[in-house]
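As a plain string of letters, each chain reads:
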Amino acid sequence: MLPPAIRRMRQHFFPALVLSLLIALTLGCGSGSAHTEPAQMVFPTATVPLTKLSSDPYTNSTSQHATEVEPDTFAFGSTIVTAFQVGRIHGGGASDIGFATSTDAGTTWNSGFLPGITTFQDGGTFTAASDASVAYDAAHGMWLIASLGLNPPGPAKVLVTRSPDAINWGNPITVTTTGDADKNWIVCDNTSTSQFYGHCYIEWDDVNSGDLVKMNTSADGGLTWGSALSTADGAHGIGGQPLVQPTGKVIVPITGGVFGSMLAFSSNDGGANWSSTVTVSSITDHTEAGGLRSGPLPSAEIDANGTVYVVWADCRFRTNCSLNDLVLSTSADGVTWTKPARIPIDPTTSTVDHFIPGVAVDPATSGSSAHLTLTYYYYLVSNCGTVCQMGVAFVSSQDGGQTWSAPVELAGPMSTSWLPNTFSGLMVADYISTSYVNGNAFAIFAVAKAPSGSTLDEAMYTTTSPLAAAVAAHFSSRNERPVPNAKSDHGSAKFYDLDHEHPIPPKKKSLRRSARR
């Protein structure tokens, strides 16, 4: 029986390696025998009650049922909305886009499926849907869910579905008329004093043009959309997440350089023009074991004063890039960014691999008093082979990301063998999301359970109560430095998209003219 102090540490997911050593020392002291081997690390018990939001009702033969993956969230007032893929298809997308809505700050939820997108729901024309993203347009009183409509081998289209109450949704509106769209994201300007109040922006990339970044703008609640515009430098990237400052300036962090760097660009004129990109940081990332699909896409949020917070998975603080930490960079103007700081979830000597982050910032807080909550997936042991055990946890900060709480386990362990497969690996998400509603944080995430025969069991969950804010155990990485000459543990990306449908052509070898005639 462990002492009460150690049991409390375990309940709060005290960093796994430290916990194992504490247990070994505690059990060994006074026992008359020495422990020469460390105690086996095990997943902490998840004691936070969860609420299941939705489940896959479809039966089409093209999907892997029952699966739900990749949620986004957005909150405004007492309403929080999430949207996600339902019935994941191996070759890309899903049977439809599902949603779940709470109008009472996360106490109760209603769920359903968006109409008119796919052939499997209310007369749609597309064979699959993907990449859901949620926004609210306060000027027009309209909730918006952006998604992709897929009809392979034809080009994917960016779609927007509208609702005045976040419960009843109309048929989709087509945003894009050219290009083959991927990884769309939507945001609206909700500051009433902004001259662009009511403008909504969608970022996406054209995979047929090597991930050429595009932006569309609407000023009428998402009914109509302007032409797709590129950045001033014709930037290429994927996974951008636009954010709007109180002044109306739009800042878009995005993974660029075929995943080798984090970039950002902006607009000061309501989306009429977009700047050239600036470099936030290089990206140094580790490839997760277990055949998992993951990548260093940004998770980005903004505080009340307009400071942008960007989090991604990065291995620069680990010897030999043996696992990913989650790192944070911030900017007040989208041009000058802080050096990436490691979020100290556990020591740099631990074996824990962290990935697929979903950061939230309380929009009523700012600066050194900004409240942040970060949800993420992890492996307890990074080098876990072909089948791995995975968990979901969160940490929080009450001082703008300067210090962080100890992590708390939300779900797990779940085996990677319980996940739907894709061209690029087993999938829970390319991104997840956390949002604050009335000062309380809620995360939405996929939880997988053991399959029943060939039928999987992966659905959307949230916590029954808000995620608890940090009250003690403030950890800092202020004095940490990256490993010198840190490098990713993999070669250059081979595909423009995360579904691995659009290969990057090999570089042409230059022919040098002989020096002799």
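The structure reproduced in this document is the subject of the present report. None of the values given here were measured: they were computed from a predicted structure.

1. So, the state of the cysteines
As enumerated under the stated definition, the model contains 3 disulfides in all. Here C315 connects covalently by a disulfide to C321, the sulfurs 2.0 Å from one another. Across the disulfide from C315 to C321, rotation about the S-S bond amounts to roughly -85 degrees, and the bridge is consequently left-handed. For the pair shown, C315 and C321 are each scored as buried. Between the sulfur of C384 and that of C388 lies a disulfide, 2.0 Å long from S to S. Taking the torsion about the S-S bond as the criterion, the C384 to C388 disulfide, at about 95 degrees, is right-handed. The class for C388 is buried, based on a relative accessible area of 0%.

2. Looking at the environment of S133
With respect to the helices and strands, S133 occurs in strand β6 (residues 128-137). Judged by its relative accessible area of 0%, S133 is buried. Linking S133 and K183, residues 50 residues apart in sequence, is a C-alpha distance of 9.4 Å. Discounting residues that sit within four places of it in the chain, S133 has contacts with D72, L144, I145, A146, N184, W185 and I186.

3. Focus: the pairing of strand β3 (residues 79-88)
Within β3, 10 of the 10 residues are buried, which leaves it mostly tucked inside the rest of the structure. Judged from the 7 bridges that link them, strand β2 (residues 68-76) and β3 form a sheet pairing that is antiparallel. Residue pairing in the sheet places F76 in a bridge with T79 of β3. The loop that links β2 with its antiparallel partner β3 comprises 2 residues; one of these, G77, has a positive phi angle of about 60 degrees. Pairing geometry for β3 and strand β4 (residues 94-102), over 8 bridges, is antiparallel. By the bridge assignment for β4, I80 is matched with S102. Once β3 ends, the chain turns through 5 residues before running back antiparallel as β4, passing G92 with a positive phi of about 140 degrees.

Conventions and cut-offs
- Residues numbered from 1 in each chain as written.
- Predicted model: local features only at pLDDT ≥ 70, side-chain atom pairs only at ≥ 80, totals over all residues.
- Heavy atoms only, no water.
- Disulfide = S-S within 2.5 Å.
- Buried < 20%, exposed > 50% of the residue type's maximum accessible area, 1.4 Å probe, protein only.
- Helix = DSSP H or I, 4+ residues; strand = E, 2+ residues; numbered from the N terminus.
- Contact = heavy atoms within 4.5 Å.
- Pairing = 2+ DSSP bridges.

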